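These are the residues of each chain, in order.
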Amino acid sequence: MNETIEQTEENCAEVINHLVEDAPGIVQVNLNPAEYELSIDYDPAQIDPVRVEELSQAMSPLLSQRWQKCTLRLGRQGGRACESCAVGLERRVGQLPGVQRVAASYMGGTLSIAFDGAQTSSQDITRHITQMGVVVKPSAAVEMETAVPAAIAFPSDRRQMWEWFRYNTEAIFTIITFVSMFAALILSNRTSAAWLIAGLYGAAYIFGGYYGLKGGIESLRQRTIDVDLLMVLAAIGAALVGEFFEGAMLLFLFSLSNVLQDFAMDRTRNAIRALMQLRPSTARIQRGDREIELPIEQVNIGDLMIIKPGDRIALDGLVVAGESSMDQSAITGESIPVAKQQGDLIFAGAINQTGSLDVRVTKLAKDSTIARLIQMVEEARSEKAETQRFIDRAEQYYALGVIVLTALFIVIPPTLLNVPFDDAFYKAMTILVAASPCAIVISTPATVLSAIGNGARRGVLFKGGIYVENAATIRVIAFDKTGTLTMGKPQVTDIHPVAEVAEDELLVLATAVESKSEHPLAQATIQATNSRGLAVPEVQSFNSVTGMGVQAEVDGRQVQIGSLRLFADQLLAGLDEAQSVVARYQEEGKTSVVVAADGRVLGIIAYADVMRPDAPQVIADLRRRGIEHIVMLTGDHERVARHIAQAAGVDEVLADLLPEDKVTAVKQIREKYGPAIMVGDGVNDAPALAAADIGMAMGAAGTDVALETADIVLMGDDLKNIPYVIGLSKQTRRTLVVNLTFAISAIVIMLLFIIFRELPLPVAVLGHEGGTVLVSLNGMRLLRYREN
């Protein structure tokens, strides 16, 4: 098998989170397997030290274990709503040696397992799962899925014909059930050929009940009771009291509902299919003096990949030659093409637009950004929302209750109330249909999986349904400043001439001298000059004065650039004015350099890590979406931080923070204001992300640590995705409430009519199956969610 496996220390973090999820007093866990060290920071006011000692004993094996993760695709098991089968599968797989954590969902079609590579392997786990009778396939991240013919695209050759019939068998059986049922009804009014009528009803029962009976038996083997079995029992009960048409109608509508539901759930998987289509199967590789097409699985790290205009990128890599613009909207959600040149990273799945590039491959096909995205979306489909996990646990008790209620209505009315047995049995079968929880069970996954699919198409990856649901409860958001609210790199903000010199001339002189420097401020100067389209002269006699500045000869003039310390021992005209201007820029939180030549100060250039232009609008959008308090965390000086915070509209600033201080700050924010999201780059602020209720990493494409540590990953650098996440989560919650309220109300209303009035079985069937389809379609509306 070619399962996706990750052997990284970040998998330990997942296991630790699982161990401490019920221990609110734990502030931080530091694990260092290399030094065999484990430390736990905790709040003694919230958790007993004895409990901390128990947790440390449970975590200590992590120091010697080699954690891996395996993601598999699940085949169909049990009936259409057998998530209780998934709960049973989690329990059985969790008992295998070395397995630490299991998440399974048959509706999501995914099984995720964290295990100790020292005790077992992915191959052993897969073998054990197969022996349990569970159908599994490798993750789509490493195996290109064979496309199946769509129901609307009729096949052209014999092989495609067989695939088409195999894929649409349940729909074909549903059609046969419908035809047989109504043919029997028509003939029963026109002929006395009882054998023909019985044969037609028999066909309707066989074709309409085949998948339901098959799923019900599979569920019983897993020691669970699902809706499919209840429906088959109700149809058989209708036949026993002579209501063959009602029983056949039940099976037809149940089968039709199954087909429509499968179609609806299949739409939620389109995000994975779309991601798979972004990955080319071959890459153009330079081998010696030849260019050859190789399957991406045969390309090695370090190979030179040739990218031409219009090519879709096959593998992640580093540009070593050429310039171009890259459409990476499918990966990061950025609508504007991004310029790429030597030294820039490119991602698999992006489209090269204009120029040709030589790219050095940096990741294998199974580790590329697009492969990681596919795997993460698959894993998210196995991580259920809290509402769904509750329903899955309660489903079995509810199903048993429905069976007991049905049995009571079969026994009590004839025995105690002298009701004819046939009437009592018919009413009991109607109750069995009406009370079945299918609409309740399907309402949550249809909604949450649609939201996950919507996010994936926009470059927003939820690590599971729990984060889709819980983001709606957030009351406070903490932003890391650098690279989140700001651009993350210095830019020229002000050019202040002191002598009689134009801004462009001052900028050109500074760029000429700094063109030999790799300092971030020098790169910002060069970028500003390039944006103005200015020509830069050659320099001579370049010299760097450590810690103070640089100097060089430009067109016969000796030009110096640096801080005021560089000119401390010099008598320059305009130096007093320069000192005043530099002091003013410092008050504004800007860094300044002084440019001097010919014995005088020519001017000052100021730099700052500028705020993102859309930051104030995003902060305002978050407030409109119910966020009550917004905090900015930074390691910068408070003066610099407050300047950015005031411009952005942030409520509170916590400055001069080390990474460990940010963890404490996030904890205090949660205690004071309630559930919190921490937004950062997912790298140097990873501990703070883990301390928040939800950690959100922004601009995480190509950053492995961010992909591992965050609960919600924003692949691009667009701040607008943060209000989008809050809005999508709130809409998801509203949809869940509507679906569950509708499903429960429909059951209660039908039961009241059945018990106190006469509600025919076909009406109960329509109410049951119609409700199931409606909640599925209502949940699917989230696939088309857009911001207001």
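Residues numbered from 1 in each chain as written. Predicted model: local features only at pLDDT ≥ 70, side-chain atom pairs only at ≥ 80, totals over all residues. Heavy atoms only, no water.

**What to know about the sheet that holds strand S20 (residues 539-545)**
Thought 1: Overall, antiparallel pairing links the 6 strands, which are arranged S19-S24-S23-S22-S21-S20 in an open sheet. Each of the sheet's edge strands pairs with one partner strand only, and the pair in question is strand S19 (491-497) and S20. Going across the sheet, the axis of each strand differs from the next one's by a mean of 20°, ignoring polarity. (Pairing = 2+ DSSP bridges. Helix = DSSP H or I, 4+ residues; strand = E, 2+ residues; numbered from the N terminus. Axes fitted to C-alpha atoms, helices over the stretch in contact; angles between N-to-C directions.)

**Concerning the pattern of salt bridges**
Oppositely charged side chains can pair when the atoms bearing their charge come close.
Thought 1: All told, the structure shown has 21 salt bridges when counted by the stated rule.
Thought 2: The closest approach of N and O atoms between arginine 557 and glutamate 505, which form a salt bridge, is 3.7 Å. In this pair, arginine 557 is assigned in strand S22 (residues 557-562) and glutamate 505 in helix H18 (residues 503-514), connecting sequence segments 52 residues apart. (Salt bridge = Lys/Arg side-chain N within 4 Å of Asp/Glu carboxyl O.)

**What to know about unusual backbone geometry**
Thought 1: Although it is not a glycine, aspartate 555 adopts a positive phi angle of roughly 50°.
Thought 2: Counting through the fold element by element, aspartate 555 comes out in the loop between strand S21 (549-554) and S22.
Thought 3: Unlike most non-glycine residues, aspartate 598 shows phi in positive territory, near 60°.
Thought 4: Mapped onto the fold, aspartate 598 is located in the loop between strand S23 (591-597) and strand S24 (600-608).

**Points about the packing of helix H15 (residues 438-457) against helix H26 (residues 721-756)**
Any two packed helices are characterised by the angle at which their axes cross and by the distance between the axes.
Thought 1: H26 packs onto H15 with a crossing angle of 165° between their chain directions and a minimal axis gap of 9 Å. Our classification of the angle between H15 and H26 gives roughly antiparallel. Along this stretch, H15 crosses H26, giving a crossing that reads as right-handed. Across the interface between the two elements, Ala439, Ile440, Ser443, Thr444, Thr447, Val448, Ala451, Asn454 and Gly455 from H15 touch Tyr724, Leu728, Thr732, Thr735, Leu736, Asn739, Leu740, Ala743, Ile744 and Ile747 from H26. (Parallel < 35°, antiparallel > 145°, perpendicular 65-115°, else oblique. Left-handed = near helix turned anticlockwise from the far one by under 90°. Contact = heavy atoms within 4.5 Å.)

**What about the nonpolar core?**
Thought 1: Within the largest apolar cluster, 56 residues are counted, with the highest numbers of intra-cluster contacts made by Met181, Met231, Leu250 and Val433.
Thought 2: The leading source of residues in this core is helix H14 (residues 421-435), at 9 residues.
Thought 3: Once residues within four sequence positions are removed from consideration, methionine 231 is found in contact with Leu250, Phe254, Leu432, Val433, Ser436, His768 and Glu769.
Thought 4: Residues Ile474, Met632, Ile694 and Met696 belong to the second largest nonpolar core, which totals 42 residues. (Core = buried A, V, L, I, M, F, W, Y, C linked by side-chain atoms within 4.5 Å. Buried < 20%, exposed > 50% of the residue type's maximum accessible area, 1.4 Å probe, protein only.)

**Describing the pairing of S24**
A regular strand places its side chains so that they alternate between the two faces of the sheet.
Thought 1: Burial runs high along S24: 8 of the 9 residues are buried.
Thought 2: Note: S19 against S24, 6 bridges, orientation antiparallel. Across the sheet, the residue bridging to histidine 496 is isoleucine 604, located in S24.
Thought 3: Note that S23 and S24 share 7 bridges and pair antiparallel. Note on S24: the bridge partner recorded for threonine 591 is tyrosine 607.
Thought 4: A loop of 2 residues connects S23 with S24, the two strands running antiparallel in sequence, and aspartate 598 in this loop sits at a positive phi of about 60°.

**Considerations on the confidence of the model for the protein chain**
Thought 1: Model confidence for the protein chain is summarised by a mean pLDDT of 79, while 81% of its residues fall at 70 or above.
Thought 2: Of the regions scoring below 50 in pLDDT, residues 1-11 engages in 41 contacts with residues more than four places distant in sequence or in other chains.
Thought 3: When the criterion is pLDDT under 50, residues 144-156 qualifies, and its contacts beyond four places in sequence or with other chains add up to 19 contacts. (pLDDT = per-residue confidence, 0-100.)

**Structural notes on the packing of aromatic side chains**
Thought 1: In total, this model carries 10 aromatic pairs according to the counting rule given.
Thought 2: Their ring planes at 45° and their centres at 5.1 Å tell us that phenylalanine 178 and phenylalanine 252 sit as a pair that is tilted. In this pair, phenylalanine 178 is assigned in helix H6 (residues 169-188) and phenylalanine 252 in helix H9 (residues 244-268), connecting sequence segments 74 residues apart.
Thought 3: According to the relative accessible area criterion, phenylalanine 178 is partly exposed, its value standing at 36%.
Thought 4: Pairing tyrosine 724 with tyrosine 785 gives two aromatic rings, centres 6.1 Å apart and planes at 40°, and the pair type is tilted. Residue tyrosine 724 is located in helix H26, and its partner tyrosine 785 is located in the segment after helix H27 (761-780); the two are separated by 61 residues in the primary sequence.
Thought 5: A relative accessible area of 12% means that tyrosine 785 is categorised as buried.
Thought 6: Taken together, the ring pairs in this structure connect Phe173, Phe207, Tyr210 and Tyr211 into an aromatic cluster.
Thought 7: Directly above the ring of tyrosine 724 sits arginine 458, whose terminal nitrogen or CZ lies 4.2 Å from the centroid. (Phe/Tyr/Trp six-rings, centres within 6.5 Å; stacked < 30°, edge-to-face > 60°. Lys NZ or Arg CZ within 6 Å of the ring centre and 35° of its normal.)

**Points about the sheet that holds strand S13 (residues 338-340)**
Thought 1: Pairing is antiparallel in the open sheet, where 3 strands are placed in the order S13-S12-S15. The open sheet has two edge strands with one neighbour each: S13 and strand S15 (351-352).
Thought 2: Alignment of strand S12 (residues 324-327) against S15, held across 2 bridges, turns out to be antiparallel. Across the sheet, the residue bridging to aspartate 327 is isoleucine 351, located in S15.

**Notes on the packing of H14 against H26**
Thought 1: The geometry of H14 relative to H26 is characterised by a closest axis approach of 9 Å and an angle of 170° between their N-to-C directions. Classified by the angle between their axes, H14 and H26 sit roughly antiparallel to one another. Judged by residue contacts, Lys427, Thr430, Ile431, Ala434 and Ala435 of H14 engage Ile747, Met750, Leu751, Ile754 and Ile755 from H26.
Thought 2: Looking at the contact of H14 with H26, its residues break down into 8 nonpolar, 1 polar and 1 charged. (Nonpolar A, V, L, I, M, F, W, Y, C, P; charged D, E, K, R; others polar.)

**Quick word on the environment of glycine 349**
Thought 1: You can see glycine 349 is positioned in the loop between strand S14 (345-346) and S15.
Thought 2: On the accessibility criterion, glycine 349 (2% relative accessible area) is buried.
Thought 3: C-alpha separation for the pair glycine 349 and aspartate 311, spaced 38 residues apart in sequence, amounts to 9.7 Å.

**Here we look at helix H20 (residues 575-587)**
Thought 1: Here H20 is 13 residues long and its end C-alpha atoms lie 19 Å apart, about the 18 Å a rise of 1.5 Å per residue gives.
Thought 2: Where H20 is concerned, the buried positions are Leu575, Ala578, Val581, Val582 and Tyr585. Seen along its axis, H20 keeps its buried residues to an arc of 120°; they face one direction. Away from its buried face by more than 90 degrees, H20 exposes Asp576 and Glu587.
Thought 3: Summarising the contacts, the buried residues of H20 are in contact with S19, S23 and S24. (Expected span 1.5 Å × (residues − 1). Arc of directions from axis to C-beta.)

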